[in-house]
Amino acid sequence: MVSFKLNGQRVSAESGATVLETARFYGVPIPTLCEMEGLTPFGGCRLCIVEVGEGEAAKLVTACTAPAQEGLRVRTASKRVIASRRMIVELLLASCPQSKVVQDLAAAMGVHQQRFRQEHEDCLLCGRCVRMCKEQMMSGAIGFQGRGGDRRISTPFDAKSDVCRRCGGCIYVCPACQLRCTFNDPERAVCGGCANLSPPCVGHGQFDDMQCYMDPCAACRIAGA
Amino acid sequence: MNTAEIQGIVAKHQGHPGEVLSILEDLQSRFSYLPEEALRFVAEKTGRPLRDLYGVATFYKMFSFRPRGKHLVSVCLGTACHVRRATLVAEEFEQKLAVKPGETTPDKQITLETVNCVGACALGPIVVVDGHYFPNVKRTTVQKILERTRNEGPRDDPNKDPRIFPVEVRCPRCNHTLMDPENPLEGHPSVRVTISFGANHGCLRLSSLYGSFTIACDFETPPDAVVHFFCPYCHAELLGATSCMECAAPMVPMVIEGGGIVQICSRYGCKGHLLDL
Ligand code: SF4
Ligand code: SF4
Ligand code: FES
Ligand code: FES
């Protein structure tokens, strides 16, 4: 057991727990995106940042990867944290405005607009699908590729994967494409929950702009039936 | 595809830390690209998932999935070069060669690629052709670089290559020149320093061509050993305040004739270097 201060309150946590887990246990809300129960923490989206330390030396760290340690002083809603979080969510909005998850996060923080060049990415690079595939589906068909602006998720050589089991786990956990496959007939499709204006998989080369590795796609088959 | 050859490359590095990068590097230099079958083979032999190998191979710009041409032209688009309009230089190359970055001209002569910082920011925009640095490249110099490249022999031929710039260096403490015209390396006076490693002391001569890593040494030094550098005249140790960005060994500073400092890594075999003009 370790004990530390969370927003001025003394809290205790199992050693090995993260700051995020402790905060959740005590009911302190911290927004998250790339974090997901059952998957290893990734620290990719930076949304869960909290301030650790005092005064000048205070640092912003991601709560989902920060281990709970004796004597920490954590603030989850300081001015600095709020301002940085709003900026992060604004950037997420700028790259992936169609994601319902991002929209909800932004709305909850009172961010209704973003000031950057609007893009329409299909992927937030949160890595959930990669970890899902590897850690829960025991498959490991997809991974990160490239770097910087070219970073993306795909199968090796962008080829149809011979280890993918078509379980759909990757699509299920994706905050950008959650239930978004509307095939080419949004009216009849089972999903479309995210109200994409244009179904992303129609008119694209396979795997190009969509993150769907299932071929044939289970959802489309149901929709088409 | 020569399976035995790939097998040999894998066997050479297998079990060492960082084996993946070494294997990929060797494959790249052997085939001038990473063939898909080779990567699948490596995945099978090393037990690493193909998705990770592919991730690593796409992360580093030095790897390519298509065969490269005889010459490799790398335009730096790192931050420092970018703000000096390296994008215009890259565009000019694209137009002149009629290929996009990552592509090779149809005659298989020149491959164009863009890279992110080659460590000579002060001289940007930088273009590296077959390992040699062209400083301060402008739109207008592109044509010249291409003409020279086309007329040159294949890459890795620094001797016949008038394009690289030789530097003259001095000891930062006593200001004595370190150049040794008596014992040239690659046709230029070499840089002579004294080194010590363990109980060994001796003379080390370095090529004075910036971008060349040719050296001549009195005794055998194990790879990766960090050696101490001394001025052969005032015997002061050449020891910089910074450490190598690649391997964290101390850097060895030398003053460049005409202003500036060049720093090289003190680790034997490490190619880390810094140029400050
Ligand atoms: S559908 Fe394929 S890629 Fe997606 S989680 Fe399942 S095995 Fe992995
Ligand atoms: S495809 Fe979806 S789950 Fe995978 S990294 Fe992109 S946004 Fe995250
Ligand atoms: S939830 Fe912690 S970085 Fe994404
Ligand atoms: S940015 Fe071009 S050499 Fe560093």
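Computed from a prediction, not measured in an experiment: that's the story for all the values here.

## Description of the sheet that holds strand β2 (residues 110-115) of chain B
Residue and element names in this part refer to chain B.
Moving on, step 1. Sheet architecture is open: four strands sit in the order β2-β1-β3-β4, paired in mixed fashion. Of all strands in the sheet, those with a lone pairing partner are β2 and β4 (132-134), marking the two edges. Adjacent strand axes in the sheet meet at a mean angle of 25° when their direction is disregarded.
Moving on, step 2. With six bridges connecting them, strand β1 (residues 71-76) and β2 associate as parallel partners. Pairing of V75 across the sheet is with T114, part of β2.
Moving on, step 3. The strands that helix α6 (residues 86-97) touches are β1, β2 and β3 (127-129); relative to β1, the one it contacts most, it runs at about 150°.
Moving on, step 4. Running at roughly 130° to β2, helix α7 (residues 142-151) makes contact with β1, β2, β3 and β4 of the sheet.

## Some points on unusual backbone geometry
Moving on, step 1. In this structure, the amide linkage connecting G124 of chain B to the following residue, P125 of chain B, adopts the cis form with an omega of -10°.
Moving on, step 2. Turning to its location among the elements, P125 of chain B is positioned in the loop between β2 and β3.
Moving on, step 3. The backbone of N7 of chain A shows a phi angle near 50°, a positive value even though the residue is not glycine.
Moving on, step 4. What makes N7 of chain A partly exposed here is its relative accessible area of 35%.
Moving on, step 5. Phi is positive for L125 of chain A, which is not a glycine, with a value near 60°.

## Here's the deal with the site of ligand 1
Moving on, step 1. In the region of ligand 1, the neighbouring residues are C133, S139, A141, C164, R165, R166, C167, G168, G169 and C170 of chain A.
Moving on, step 2. Tallied by class, the residues present in the shell around ligand 1 amount to five nonpolar, three polar and two charged.

## Description of α6 of chain B
Along an α-helix, residues three or four apart share an orientation, since each turn contains 3.6 residues.
Residues and elements named next belong to chain B.
Moving on, step 1. If you check α6, its first and last C-alpha atoms are 16 Å apart, about what twelve residues at 1.5 Å a residue would give, namely 16 Å.
Moving on, step 2. Taken together, the buried positions of α6 are A86, V89, A90, E92, F93 and L97. Along α6, the residues classed as buried sweep out an arc of 160° about the axis, all on the same side.
Moving on, step 3. Elements in contact with the buried residues of α6: β1, α5 (79-83), β2, β3 and α7.
Moving on, step 4. One or two positions beyond α6, positive phi appears at A98, with a value near 55°.

About the criteria used
- Residues numbered from 1 in each chain as written.
- Chains lettered and ligands numbered in written order.
- Predicted model: local features only at pLDDT ≥ 70, side-chain atom pairs only at ≥ 80, totals over all residues.
- Heavy atoms only, no water.
- Pairing = 2+ DSSP bridges.
- Helix = DSSP H or I, 4+ residues; strand = E, 2+ residues; numbered from the N terminus.
- Axes fitted to C-alpha atoms, helices over the stretch in contact; angles between N-to-C directions.
- Contact = heavy atoms within 4.5 Å.
- Buried < 20%, exposed > 50% of the residue type's maximum accessible area, 1.4 Å probe, protein only.
- Near = heavy atom within 4 Å.
- Nonpolar A, V, L, I, M, F, W, Y, C, P; charged D, E, K, R; others polar.
- Expected span 1.5 Å × (residues − 1).
- Arc of directions from axis to C-beta.

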